[in-house]
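# Coordinates in review
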Amino acid sequence: MAPSKSDPSLALVAETTSFWYPLDYCYQRQNMLLPKLEQVEPDQIPEPFRSLVVHQKDMTPTLERFHDDEIYIEVLHRDYSDLHYFREVVLKLEKSHLPVEFGAIRIFLERFPKEAREAILKEHMPLGHILEVFKVEHTSCPIGYLRMVPDPLIKKAFGNSENTWLYGRRNRLSNPKGESLAEIIEILPESQINA
């Protein structure tokens, strides 16, 4: 089912120069404070997180190879108008339904072919699959890496209560013209350690 549109006047888009974008926007529109976040260098990220986030590939196929399972998305929140489409999602494994990523994402719908836009709005298939299925030319370019202490939102998404550091990245997907297709904050759960 396609998401219902929000009032465009509510879409006060955060500056894309913020390292935490679009996570900061997602928290702002829910009147929540950001959790403790820090930028880190790749060599500060322990394995297996480093191998899973420090690369220029799409996260969906990377996580599917690591877990040897397919992935679907569960949408936690969305904000959608004619001008923008933001959502927070949990990527889950098809067989076990275990969460393997939290993502805060802005998707530039107008830059996708019609069939790909329709698949995005159905909110089941991960963006990585949609890019592959509809052969959307793109590059994945990580802007930087992060660690965070999980807050109630992230703990609920991942189903854990540990106050340990979680790791992730800020990523940009671009088309051949250099235009953004998506801006993403991708965070991995602690369960990756035991995977």
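The preceding data block contains the structure.
Fair warning: this is a prediction, and the values are worked out from it, not measured in the lab. (Residues numbered from 1 in each chain as written. Predicted model: local features only at pLDDT ≥ 70, side-chain atom pairs only at ≥ 80, totals over all residues. Heavy atoms only, no water.)

Let us look at the side chain of Glu101. The topology assignment puts Glu101 in strand S4 (residues 99-107). Arg169 is the oppositely charged side chain nearest to the buried, salt-bridge-free Glu101, at an N-O distance of 6.9 Å. (Helix = DSSP H or I, 4+ residues; strand = E, 2+ residues; numbered from the N terminus. Buried < 20%, exposed > 50% of the residue type's maximum accessible area, 1.4 Å probe, protein only. Lys, Arg positive; Asp, Glu negative; His and termini not counted. Salt bridge = Lys/Arg side-chain N within 4 Å of Asp/Glu carboxyl O.)

To continue, consider the sheet that holds strand S1 (residues 37-40). Ordered by their spatial adjacency, seven strands build an open sheet running S1-S5-S6-S7-S4-S3-S2, and the pairing between neighbours is antiparallel. Strands at the two margins of the open sheet, each flanked by one partner only, are S1 and strand S2 (71-80). Each adjacent strand pair in this sheet contributes to an overall mean axis angle of 25 degrees, direction not counted. Pairing of strand S5 (residues 139-148) with strand S6 (residues 166-174), which is carried by nine bridges, proceeds in the antiparallel orientation. Following the sheet pairing, Tyr145 is matched in S6 by Arg169. Seen against the sheet, helix H3 (residues 59-67) touches S2, strand S3 (85-93), S4, S6 and strand S7 (180-187) and runs at an angle of roughly 175 degrees to S4. (Pairing = 2+ DSSP bridges. Axes fitted to C-alpha atoms, helices over the stretch in contact; angles between N-to-C directions. Contact = heavy atoms within 4.5 Å.)

This brings us to unusual backbone geometry. In this model, Tyr21 is joined to Pro22 through a cis peptide bond whose omega is 5 degrees. Relative to the helices and strands, Pro22 resides in the segment before helix H1 (23-29). Even without a glycine there, the phi angle at His97 is positive, about 65 degrees. With respect to the helices and strands, His97 occurs in the loop between S3 and S4. In this structure His97 comes out as partly exposed when scored by relative accessible area, which is 45%. Positive phi, normally seen in glycine, also occurs at Lys135, with a value near 50 degrees.

This part is about the pairing of S7. When a strand is regular, its side chains alternate between the sheet's two faces. Counted residue by residue, S7 has eight buried out of eight residues, so it is predominantly covered. Sheet analysis places S6 next to S7, joined by seven bridges and oriented antiparallel. What sits directly across from Arg170, in S7, is Ile185. Count of turn residues in the S6/S7 antiparallel hairpin: five residues, of which Gly178 carries a positive phi of about 85 degrees.

Here the focus is helix H4 (residues 114-122). Burial in H4 covers these residues: Ala116, Ala119, Ile120 and Leu121. Positioned one or two residues after H4, Glu123 has a phi angle of 60 degrees, which is positive.

With that settled, the discussion passes to the environment of Tyr72. As for its placement among the helices and strands, Tyr72 is situated in strand S2. The class for Tyr72 is buried, based on a relative accessible area of 13%. C-alpha separation for the pair Tyr72 and Val90, spaced 18 residues apart in sequence, amounts to 8.5 Å. Once you skip the residues sitting within four places of it in the chain, Tyr72 turns out to touch Val90, Leu91, Lys92, Leu93, Glu94, His97, His124 and Pro126. Separated by 2.8 Å, the side chains of Tyr72 and His97 make a polar contact. (Polar contact = N/O pair within 3.5 Å; in protein donor to acceptor, adjacent residues only side chain to side chain.)

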